[in-house]
Amino acid sequence: MKFHQISAFEAVTRAGGIRAAARTLGLTQSAITKAIRELEAEAGVSLLLRSARGVVLTESGRQLAARAHLLVEQMRAAQDDIRQLNAGTGGKLVVGLTPTIIETVLSEIIRHFRTRMPGVRLVIHEASLPGSLPDIRDGTFDLAVVGAGREPATASDLACEFLLSVNKRIALRRGHPLAGIRDPAELADAVWVLPQEPSDPSDPMHAFMQEAGLAMPPKLVECVSLPATVSIIANSDMVSALPEPLIDQPHVASRIVSLAFEQKLQPSRYWLLRRSAVPLSPAALFMCDLLRTYSKDIKDKR
């Protein structure tokens, strides 16, 4: 199998058709078709079924598609590595980040990154578990920082590094009827906005609910996005649990207040995830160093 054949096949599977793949690669449709026929001949199987609506992968095609994507991404990464080492330019770095990083230190991280790697295209996505795991595994994300109460249960194909731990507080809008309470039991009738139902003992909210004598919230809105959670509680009487560094940001503190209880919530823990078997590019290595440094800054400011 030759790289131009794999590249053509990967482009077709990603674009959904030969014409779109040809536009993506800047080739003719006949060149794409020829490369895929050569690939099918070498593999001895049919990979694509052509129809008026485009192409459909055969079972063999589906098996090859995931590996083709990784092969193409690794070849591009190798080319990017050379350019980045020589001049700090070339390619792109795709990073998934928890909103706690995005809302606190991301601007400083970007400033330092662009100083060292001015020509690298930096792409930032909001990341959360478990949704980010497939994106890391298939190469969509080069690395990600995610929040989890304990170390994510990942397979050996992913490397997991602890970054930091920060406290959490119950948060609600300014002027909320419950804004002055001192007993968590008064939250019994609250409508909660949480990333998941806290019925699992490993969930950080589970212990808080039990110690406060609260039932698992029957009134619950599940929201995995922290920015969306902030918006919801700032514009309603719902309550949530947010990381302290996020609550203390001026644009959040102007709308959100937190409750002071003797009973503390379990802290939020953040982990750096990447593929263990894939060498990091110079840009990704530098980004990891920046994330470690600025994560320490978040912790030191507490």
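Here the structure is shown first, and the text comes after it.
The structure reproduced in this document is the subject of the present report.

What counts as what
Residues numbered from 1 in each chain as written. Predicted model: local features only at pLDDT ≥ 70, side-chain atom pairs only at ≥ 80, totals over all residues. Heavy atoms only, no water. Core = buried A, V, L, I, M, F, W, Y, C linked by side-chain atoms within 4.5 Å. Buried < 20%, exposed > 50% of the residue type's maximum accessible area, 1.4 Å probe, protein only. Helix = DSSP H or I, 4+ residues; strand = E, 2+ residues; numbered from the N terminus. Contact = heavy atoms within 4.5 Å. Axes fitted to C-alpha atoms, helices over the stretch in contact; angles between N-to-C directions. Parallel < 35°, antiparallel > 145°, perpendicular 65-115°, else oblique. Left-handed = near helix turned anticlockwise from the far one by under 90°.

1. Comments concerning the nonpolar core
One recurring pattern in soluble globular proteins: nonpolar side chains tend to sit buried together.
Then, number 1: Counting residues in hydrophobic clusters, the biggest one holds 27 residues, and the most contacted among them are Phe 113 and Leu 291.
Then, number 2: Of all elements in the fold, only strand E3 (89-97), helix H6 (106-116), strand E5 (143-147), strand E6 (158-166), strand E12 (268-275) and helix H12 (282-300) reach the threshold of two or more residues within this core.
Then, number 3: Per-element tally for this core: the top contributor is H12, with nine residues.
Then, number 4: With residues up to four places along the chain from it excluded, the contact list for Phe 113 reads Leu 93, Val 120, Leu 122, Ala 283, Phe 286, Met 287 and Leu 290.

2. Observations concerning the packing of helix H1 (residues 3-15) against helix H2 (residues 18-25)
Then, number 1: Look at H1 against H2: their axes get within 8 Å of each other, and the N-to-C directions meet at 120 degrees. The angle between H1 and H2 falls in the class oblique. For the pair H1 and H2, the sense of crossing is right-handed. Contact with H1, carried on its side by Ser 7, Ala 8, Ala 11, Val 12 and Ala 15, involves Ile 18, Ala 20, Ala 21 and Leu 25 of H2 and no other residues of that element.

3. Some words on the side chain of Gln 249
Then, number 1: Secondary-structure assignment places Gln 249 in the loop between helix H10 (244-247) and helix H11 (250-253).
Then, number 2: Setting aside residues up to four positions removed in sequence, Gln 249 forms contacts with Glu 103 and Thr 104.

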